Amino acid sequence: DPTQLQDRGRVARVRVAAVTALVGAAALLAMILVLPHARPFDSGFDLPWPILAVGFFVAEWKVIHVHFRRETHAFSMSEVPVVAGLFLLQPHDYLLAAIVGSGAALLVGGARSPLKILYNLCHFAFVGILTLTIFQLITDHAAPPNFVDWLAALAATGASSVVSAVLVATVITASGGAPQFNKLPEMIRFSGLMAISNTSITLLAITVMWEDPTAVALLGLPVLALFFV
């Protein structure tokens, strides 16, 4: 029945709009509470935020699709610019780069629904401020990066990958798609593995920068190999 389909579509849009509003409100509240007290990592590097925005753009534009058994999981290498931003940018510049770069990738990728675009922007903002908050709570903000700072980055990206997976499962279910919560444990395992791998590689690059910035170029080939594999 076309009428029933239209009603279901309206209900689904209302549900997605409600999830979007909640995620956006949570992101805004967290920014108001966290950003005024956030301290930059004492890196000594002056990296313009648009450079990291390009990194977020590439990571979200070229999403990796992993086929496992009967399921397909989509992941990005966004932890690479995330970790770099946590260590090398001012907190507000990190969030700006994440939202602008990821949002641009969404537009270039062909997203046409305004509600989908709005939800994803709220998603990027919430995950970004969550990552920053966890990192700020653990790190000692002092260069060079030490074991505590490594744990801070791993905890931040690991927790954010779990929350991101839950949000994705929630919005897909709310939109009327097949319920995703039974697949959530597998989604979390895959996203957690990717987050730890990407974070570890970027932490290695960040640590090497303090010894010899030019040596970071040696990590270019492994990162590209991981991306293409």
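Notes on the structure in this doc start here. (Residues numbered from 1 in each chain as written. Predicted model: local features only at pLDDT ≥ 70, side-chain atom pairs only at ≥ 80, totals over all residues. Heavy atoms only, no water.)

1. Looking at the packing of helix α4 (residues 91-108) against helix α5 (residues 114-138)
- Following both chains from N to C, one finds α4 and α5 inclined at 150°, their axes separated by 9 Å at the closest point. In terms of their interaxial angle, α4 and α5 are classed as roughly antiparallel. Seen along the crossing, α4 lies across α5 with a hand that is right-handed. Of the residues in α5, those touching α4 at Pro91, Tyr94, Leu95, Ile99, Ser102, Gly103, Leu106 and Leu107 are Lys116, Ile117, Asn120, Leu121, Phe124, Ala125, Gly128, Ile129, Thr131, Leu132 and Gln136.
- Tallied by class, residues from the contact of α4 with α5 come to 12 nonpolar, six polar and one charged. (Axes fitted to C-alpha atoms, helices over the stretch in contact; angles between N-to-C directions. Helix = DSSP H or I, 4+ residues; strand = E, 2+ residues; numbered from the N terminus. Parallel < 35°, antiparallel > 145°, perpendicular 65-115°, else oblique. Left-handed = near helix turned anticlockwise from the far one by under 90°. Contact = heavy atoms within 4.5 Å. Nonpolar A, V, L, I, M, F, W, Y, C, P; charged D, E, K, R; others polar.)

2. Looking at the nonpolar core
- Ranked by internal contacts, the top residues of the largest apolar core, which has 39 residues, are Val23, Phe56, Phe87, Tyr94, Ile129 and Phe135.
- Sorting the residues of this core by element identifies α1 (2-34), α2 (49-61), α3 (79-88), α4, α5, α6 (147-174) and α7 (184-211) as the ones contributing at least two each.
- Considering every element that reaches this core, the biggest residue donor is α5, with eight residues. (Core = buried A, V, L, I, M, F, W, Y, C linked by side-chain atoms within 4.5 Å. Buried < 20%, exposed > 50% of the residue type's maximum accessible area, 1.4 Å probe, protein only.)

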